[in-house]
Amino acid sequence: MQSPAVRSTGVFAAWVFMASAAVAQSHVGEWRGEIVVPGSALAVVVRLADGQSGPEGTIDIPAQGADKLPLTKVEVEGAAVAFTIADTPGEPTFRGTIEGDTLAGEFTQGPAKLKFTLRRAAAARADAAAAFDDVPKWLDETIAMFDVPGCAIAVVKGGDVITTVASGKRDLVGGAAVDADTLFAIGSSSKAFTTALLAMLVDDGALEWDQPVRKWLPEFALADAPLGERITPRDLVTHRSGMPRHDIVWYGASFDRAEMVARLRHLPLNRDLRAEFQYNNLMYLTAGHLAERVAGASWEDLVRRRILQPLGMDRTVFTVQAMQQDANHAVPHRREKGKVVRIPFRDITAIGPAGSINSSVREMAHWAALQLQRGTYRERRLLSASMAADLHTPRMPVDTGEAGDVIAVGYALGWFVDVYRGHRRVHHGGNIDGFSAQVALLPDAGYGFVVLCNQDASPVPDLAVAALCDRALRLEARDERAAVREKMRVAEDGAQTAKQRASATARVAGTSPSRPIAAFAGDYAHPGYGDCRVTLVDGSLRFDLHGLAVGLEHWHYDVFAGVEGTGEPALSGTQVQFLSAFDGSIEGLRVVLELQAPPIVFARRPDARLTDATFLTTLAGDYVLATGEAKISLQGNRLVLTLPGQRHELEPASGTTFRLRGLSGFSLEFVLDGGAVKEVRIHQPDGTHVATPKTAAK
């Protein structure tokens, strides 16, 4: 048995040993923080552990694309810690002291000496979250200020979701509250998913960024054939194809992707390849279709399998129909005439690679984490680090006209790149019927933000990202909300004034249509834009372009204009000019559907019965002219006019009028009486000649 004194000494010795061990082990774990570089900060993530041969570790420097660089000369003595980045010029070395959850000290590289501060991962997350404590109040105020029904925000730091914030309702009409799991349409923020998919195919060796698209899509062609032969996958996704938007081609249309790609050759270009930034959704559609061809699966299946499933984005969907099957989804809204109203969901499945994804801020946070970690999510690499960096590298200059806090740099692969108050920012917004979105990254600081709301053309996502950047970067907050609201008011007033001025000066008073307006009704077609129809409804014309319809009012001469409030807002004010043939018939119409291209000309389709063999049989027969005889025969479903020494195929025009193929200004009109031909009028430049049925004709 030991004496009390001896037992006391043993306990004290054991306690000293345990305390020393605790101090020695306190370096183990993940540390997050920054090196204080003049004018900014360089984010780093350090992982320290005890290996078999002593302390060891790795470091990430996101801004430099450095992942898990090995550390050497790792030394721990009590609270003092030192380590060096291996195999790096200048022998970059950290020397610091641990106090609680903080490891701080001096960083040296060559002659440079800088301060650094690291925090244990859990403490760093708590510190980061604290910077956004006032965001709930800010968001409540902001959606009220801009009449936005609901909005949700996620903040990401590295691979972690720091905080989520939500405010408002999913639906203004008795809707439940928005939360971090509410599904919204993300619009064009979908584009980065398409470029990531292409990058994966490049990583696989199945695709090359800078080879012609025709290598994989031989049917791909543009109106400028040589340009179409040169365009590459990188050109498709950097908005430098030479083609303006032509959005009405897909907006509301039912064309599938292959059909829309086939229609591209009929759309006018206005620039040379790589000459100018021109945002283009159709090129992104083509990029998605290219991925389908290369990988042998639909764009949706590829994105789901290669991106969404690995990221755990299980509720993210590609159609508004699937979105509405989820109980927690937002309803689209729009501001119209000073009032926020619900609007229908817009199905944009065909253009999906450019903008059809629907997701929540919680799941989109996983996507932001993948970007911040350069292609890695939860230790699983989906993209090579070099390819992930390439996606964020500007390829096409962009002049956004922004000034002040934002300096535009360019467009990368599915991302805009700019400098926000001295800090590199990578982002892409989204805007589709009833929804607005913004996904933004501060790669050097390791932050990502997702903002989704259920009102289109809303400034709230951009305002929110600016406010979040200020907080993440510890900058003096700049509240731009009042200024933006005033700009919106001035813009709305200015637009109304401009419309009134245009109405007063551009319209020629006292004119009338060249014929009864019923004569303008009919079907018209363009090989790129598809079919449109003009109908007579309650004494007025109505224009319908593959489902986008608007009422027309007479403007002047044979020009009509879309009436605001009578249908599709995108067609409000659009002017439609009807075109006459030499014989006086309406042969087509033209309309400005793309401001950066000439008016689109739609040719009038003939009446369906003019290709119906049963009806054409009633027109065939022998006819008598003042100068001789004429024979009209049916060959297949086409009429042929035979005159002495002449043979002409007849092409359907409109009504009961046919044109003579290959002869401009020549047409043949059947005048019916009770279903039988009374006479045939042959219109030609020197006048009209009349033929009557020969006795016992047919």
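Everything that follows concerns the structure shown earlier in this document.
All chains use their own residue numbering, which begins from 1 and follows the written sequence. Per-residue local features of the predicted model are confined to residues with pLDDT of at least 70, and side-chain atom pairs are confined, for both listing and counting, to 80 or more; whole-chain, interface and lining totals are unaffected and use all residues. For the side-chain quantities, the full set of heavy atoms in the structure was used; hydrogens and water were omitted.

A separate point is the overall build of the protein. Going along the chain from the N terminus, every DSSP run of H or I of four or more residues is numbered as a helix, and every run of E of two or more is numbered as a strand. Scanning the protein for helices and strands turns up 16 helices and 37 strands. Restricting the calculation to C-alpha atoms gives the radius of gyration, and the globule rule supplies 2.2 Å times the number of residues raised to the power 0.38. Relative to the compact-globule value of 26 Å for 698 residues, the protein shows a C-alpha radius of gyration of 34 Å, a clear excess of over 25%. Across its three principal directions, the C-alpha atoms of the protein cover 145 × 50 × 50 Å. When accessible area is computed with a 1.4 Å probe and restricted to protein chains, residues below 20% of their type maximum are described as buried, those above 50% as exposed, and intermediate ones as partly exposed. For the protein, the proportion of its 698 residues judged to be buried stands at 49%. Within the protein, contacts between residues at least 6 apart in sequence are counted, and of these 53% link residues at least 24 apart. Methods summary: accessible areas were calculated by the Shrake-Rupley approach with a probe of 1.4 Å, and residue burial reflects only the protein chains presented. When the accessible surface of the protein is summed, it comes to about 31100 Å², and 52% of that surface belongs to carbon and sulfur atoms. Counting rule for charge: Lys and Arg are taken as positive, Asp and Glu as negative, and neither His nor the chain ends is counted. Note that the charge is assigned to NZ on lysines, CZ on arginines, CG on aspartates and CD on glutamates. Taken as two groups, the 73 positive and 82 negative side-chain charges of the protein have centres that lie 1 Å from each other. Whether two residues are in contact is decided by their heavy atoms, any of which lying within 4.5 Å being enough.

Its location among the elements puts F116 in strand β8 (residues 112-120). If we ignore the near neighbours within four places in the chain, the residues touching F116 are E34, I35, F94, R95, G96, L103, A104, G105, E106 and F107.

What follows deals with the nonpolar core. Take the buried Ala, Val, Leu, Ile, Met, Phe, Trp, Tyr and Cys residues and link them wherever side-chain atoms come within 4.5 Å; each set so joined is a nonpolar core. Counting 115 residues, the largest nonpolar core has F193, W367, F543, F578, L589 and F602 as its most contacted members. Ranked by residue count, the leading element in this core is helix α4 (residues 191-204), at 9 residues. Ignoring anything within four residues of it in the chain, the contact list for F578 reads F520, Y524, V534, L541, D558, F560, I586, G588 and L589. Judged by nonpolar contacts, the second largest core, of 31 residues, contains F146, L442, A445 and L473.

What follows is about the packing of α4 against helix α9 (residues 299-311). With their axes 10 Å apart at the nearest point, α4 and α9 run at an angle of 75° to one another. Between α4 and α9, the interaxial angle falls into the category roughly perpendicular. On α9, the residues that touch F193, T194, A196, L197, M200, L201 and D204 of α4 are W299, L302, V303, R306, I307 and L308. Residues of the contact of α4 with α9, tallied by class, amount to 10 nonpolar, 1 polar and 2 charged. Only the stretch in contact is used when a helix axis is fitted, and all axes are lines through C-alpha atoms; the angle between N-to-C directions ranges over 0 to 180 degrees. Should an angle fall under 35 degrees it is taken as roughly parallel, and over 145 as roughly antiparallel, whereas 65 to 115 is taken as roughly perpendicular and any remaining angle as oblique. Under this grouping Gly is polar, as are all residues other than the nonpolar Ala, Val, Leu, Ile, Met, Phe, Trp, Tyr, Cys and Pro and the charged Asp, Glu, Lys and Arg.

Another point: helix α2 (residues 121-130). Because each turn of an α-helix spans 3.6 residues, side chains separated by three or four positions in sequence point in the same direction. For α2, the full list of buried residues reads A121, A123, A124 and A128. Buried positions in α2, seen along its axis, are confined to an arc of 160° and lie on one side of it. On its buried side, α2 packs onto β1 (29-35), β8, β10 (160-168) and β21 (447-453). By arc we mean the arc of the directions from the helix axis to the C-beta atoms, nothing more.

What follows covers the side chain of Q455. Along the polypeptide, Q455 turns up in the loop between β21 and α14 (460-472). Q455 gets classed as buried once you look at its relative accessible area, which sits at 4%. Only 2.7 Å separates the side chain of Q455 from the backbone oxygen of D147, close enough to count as a polar contact. For Q455, the contacting residues outside a window of four places in its chain are F146, D147, V148, P149, H333, R334, V340, G434, F435 and S436. As used in this structure description, the phrase polar contact means that two N or O atoms lie within 3.5 Å; if the pair is within protein, one of them must be able to donate a hydrogen and the other to accept it, and residues adjacent in sequence are counted only when both atoms belong to side chains.

Quick look at the pattern of salt bridges now. Close approach of charged atoms allows side chains with opposite charge to pair. In the sections that follow, a salt bridge refers to a side-chain nitrogen of Lys or Arg positioned within 4 Å of a carboxyl oxygen of Asp or Glu. Per the counting criterion, the structure on display carries 52 salt bridges. A salt bridge links R32 to E30, with the nearest nitrogen and oxygen atoms 2.6 Å apart. The class for E30 is partly exposed, based on a relative accessible area of 25%. Across the salt bridge formed by D390 and R234, the nearest N and O atoms sit 3.4 Å from each other. Linking D390 in helix α13 (residues 385-391) with R234 in helix α6 (residues 233-236), this pair joins segments that are 156 residues apart in sequence. Both residues of the pair, D390 and R234, belong to the buried class. Each of E30, R32, R47, D60, R125 and D160 takes part in one network of salt bridges that share partners.

Let us look at the sheet that holds strand β23 (residues 530-537). Only strands joined by at least two bridges in the DSSP assignment are considered to pair. As summarised here, the arrangement of the 8 strands in space is β22-β23-β24-β25-β26-β27-β28-β29, forming a closed barrel in which the pairing is antiparallel. On average, adjacent strands in this sheet sit at an angle of 30° to one another, irrespective of strand direction. Pairing geometry for strand β22 (residues 522-526) and β23, over 5 bridges, is antiparallel. In the sheet register, H526 faces β23, and the bridge partner there is G530.

Turning our eyes to something else, we now look at the packing of aromatic side chains. Each aromatic ring pair is characterised by the separation of its centres together with the angle its planes make. A pair of aromatic rings is counted whenever rings of Phe, Tyr or Trp (Trp by its six-membered ring) have centres within 6.5 Å, and the orientation is called stacked for planes under 30 degrees apart, edge-to-face for over 60 and tilted otherwise. Under the defined criterion, the tally for this structure stands at 20 aromatic pairs. Ring geometry for F520 and F578: centres 4.6 Å apart, planes at 35°, overall tilted. Linking F520 in the loop between α15 (481-506) and β22 with F578 in strand β27 (residues 575-580), this pair joins segments that are 58 residues apart in sequence. Taking the relative accessible area as the measure of exposure, F520 reaches 0% and is therefore buried. Summarising the aromatic geometry, the rings of Y529 and F602 are spaced 6.5 Å apart at their centres and angled 65° between planes, so their arrangement reads as edge-to-face.

Turning our attention to unusual backbone geometry. A negative phi angle characterises most non-glycine residues, just as the trans form characterises most peptide bonds. Residues other than glycine seldom take positive phi values, yet H246 does so here, at roughly 50°. Position of H246 among the secondary structure elements: in the loop between α6 and α7 (257-263). Overall, the relative accessible area of 0% leaves H246 in the buried class. Its identity is not glycine, yet K337 carries a phi of approximately 50°, on the positive side. Looking at the secondary structure, you find K337 in the loop between β12 (333-336) and β13 (339-342).

With that settled, the discussion passes to the sheet that holds strand β7 (residues 102-109). Taken together, the 8 strands give a closed barrel; going around it, the order is β1-β2-β3-β4-β5-β6-β7-β8, and neighbouring strands pair in antiparallel fashion. Direction aside, the axes of adjacent strands within the sheet are offset by 30° on average. Here strand β4 (residues 66-77) pairs with strand β5 (residues 80-85) via 5 bridges, running antiparallel. Among the inter-strand pairings, E77 is bridged to a residue of β5, identified as A80. In the packing of α2 onto the sheet, contacts are made with β1 and β8, and the angle to β8 comes to roughly 95°.

Here the focus is the pairing of β13. Here 4 bridges tie β12 to β13, and the two strands are oriented antiparallel to one another. By the bridge assignment, E336 is partnered in β13 with K339. In this structure, the hairpin formed by β12 and β13 is closed by a connection of 2 residues, where K337 is found at a positive phi of approximately 50°.

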